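Listed here are the chains, written in short residue letters.
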Amino acid sequence: MSLKLFKSRPDAELIIKDAAKELKAPARRLFGKRILSLGGLAMLSGCSITDDKSVNAMLRRISFFNDDVQALLFDPNKLAPTYPESMITRPFPFNAFYDIDEVPEVDPSTYKLEIDGLVKGKRVWTLDELHAMPQESQVTRHICIEGWSAIGKWGGVRFAQVLARAGADTSAKYVAFHCADNYSTSIDMPTALHAQTLLTLTYDGQILPPKYGFPMKLRMPTKLGYKNPKHIVAITVTNDYPGGYWENQGYNWFGGS
Ligand SMILES: Nc1nc2c(c(=O)[nH]1)N[C@H]1C(S)=C(S)[C@@H](COP(=O)(O)O)O[C@H]1N2
Ligand SMILES: [Mo]
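## Let's talk about the pairing of strand β6 (residues 184–188)
And then number 1: Of all five residues that make up β6, four are buried, and the element is covered over most of its length.
And then number 2: Judged from the five bridges that link them, strand β5 (residues 174–179) and β6 form a sheet pairing that is antiparallel. Within the sheet, the bridge partner assigned to Ala 176 lies in β6 and is Ser 186.

This is the structure in structure tokens:
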């Protein structure tokens, strides 16, 4: 099968290279190198690879498959590495889908956080309320898919506690985030409940500055940078796949680091 396919597609090597890029390390570990042939990929994805449309469909299928494998391999009790404060990267890099002079200015006096969807009491939250909850801090590494990483110190409330207080249905699949700059992302519930997932209000001991996401950034050392939303204004607990700004443009949805 694979030989026939190979002959019928002179671009086979390129397709396999693309698929290998799509197929993240855990999936490769799980299945070994065997599947990295056209026949193997066709079998794995259940797609035929006869034209460009079907190749794209296959690559998309593999990306969803990666999400499933990463979710399967995610250990909710395994902690990401933490670092001494002496290792904090200074200055910590800024990144967004726009330049630093376009960072949104959120007014703390009128700011309200909405938590809705599959929660018992749909309502808005004030910043004071979140500051009054038990605070924790962590020094962890933020890894951006664009090829840089940096160690920073964030402080805030365990997101699991926020969800508990909101009466969230923690058997729901997704938690979605909408941001003041119209950015959006969404995460799986096991990651939302992870002990190191913090709804952060401070950076390096100071109120989170605008560039790092005032008034709050969801910080997850178990996920890549683009999964960590800044300037959150609304949180939705849902079973409907929410996608996200970069995810809708082809970034892997699970986005584990
Ligand atoms: N609201 C919002 N959140 C966002 C982004 C964004 O553009 N808008 N960019 C993401 C990406 S790709 C990265 S790497 C980090 C950068 O966070 P930092 O500016 O604190 O380093 O924010 C993430 N969260
Ligand atoms: Mo990023």
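## Examining the nonpolar core
And then number 1: Core analysis: the largest hydrophobic core is formed by 30 residues, its most contacted members being Leu 113, Leu 130, Phe 159, Val 162, Leu 199 and Met 216.
And then number 2: In contact with Leu 130, not counting residues within four places along its chain, are Leu 113, Trp 125, Gln 135, Val 157, Val 162, Leu 199, Leu 201 and Met 216.
And then number 3: If you look at the next biggest cluster of nonpolar residues, it comprises 16 residues, including Ala 12, Ile 15, Ile 16 and Leu 23.

## With respect to helix α5 (residues 52–73)
Within an α-helix, residues lying three or four positions from one another point in the same direction, as the helix has 3.6 residues per turn.
And then number 1: Its 22 residues place the ends of α5 31 Å apart at the C-alpha level, agreeing with the 32 Å of an ideal helix rising 1.5 Å per residue.
And then number 2: All of the buried residues in α5 are Ser 54, Val 55, Met 58, Leu 59, Ile 62, Ser 63, Asn 66, Asp 67, Val 69 and Gln 70.

## Focus on the site of ligand 1
And then number 1: Surrounding ligand 1, one finds 21 residues, the nearest of these being Pro 93, Asn 95, Asp 181, Asn 228 and Lys 230.
And then number 2: With respect to ligand 1, the side chain of Lys 217 contributes an N or O atom lying 3.3 Å from an oxygen atom.
And then number 3: When ligand 1 sits alone it has 540 Å² of accessible area, and the protein chains cover 99% of it.
And then number 4: Partitioned by chemical class, the residues of the shell around ligand 1 number twelve nonpolar, five polar and four charged.

## With respect to the packing of helix α2 (residues 12–22) against α5
And then number 1: The interhelical angle for the contact between α2 and α5, taken along N-to-C directions, is 20 degrees, at an axis separation of 9 Å. By the angle class used here, α2 and α5 are roughly parallel. In the crossing of α2 with α5, the sense of the turn from one axis to the other is right-handed. Where α2 abuts α5, its residues Ile 15, Asp 18, Ala 19 and Glu 22 lie against Val 55, Met 58, Leu 59, Ile 62, Ser 63 and Asn 66.
And then number 2: Taken together, the residues of the contact of α2 with α5 break down into six nonpolar, two polar and two charged.

## Regarding the sheet that holds strand β2 (residues 123–125)
And then number 1: The mixed open sheet is built from five strands, whose spatial order is β2-β1-β10-β5-β6. If you trace the sheet from one side to the other, it starts and ends with β2 and β6, each paired once. For this sheet the average axis-to-axis angle between neighbouring strands, irrespective of direction, equals 20 degrees.

The rules we used
Residues numbered from 1 in each chain as written. Chains lettered and ligands numbered in written order. Predicted model: local features only at pLDDT ≥ 70, side-chain atom pairs only at ≥ 80, totals over all residues. Heavy atoms only, no water. Buried < 20%, exposed > 50% of the residue type's maximum accessible area, 1.4 Å probe, protein only. Helix = DSSP H or I, 4+ residues; strand = E, 2+ residues; numbered from the N terminus. Pairing = 2+ DSSP bridges. Core = buried A, V, L, I, M, F, W, Y, C linked by side-chain atoms within 4.5 Å. Contact = heavy atoms within 4.5 Å. Expected span 1.5 Å × (residues − 1). Near = heavy atom within 4 Å. Polar contact = N/O pair within 3.5 Å; in protein donor to acceptor, adjacent residues only side chain to side chain. Areas by Shrake-Rupley, 256 points an atom, 1.4 Å probe, with all protein chains shown as cover. Nonpolar A, V, L, I, M, F, W, Y, C, P; charged D, E, K, R; others polar. Axes fitted to C-alpha atoms, helices over the stretch in contact; angles between N-to-C directions. Parallel < 35°, antiparallel > 145°, perpendicular 65-115°, else oblique. Left-handed = near helix turned anticlockwise from the far one by under 90°.

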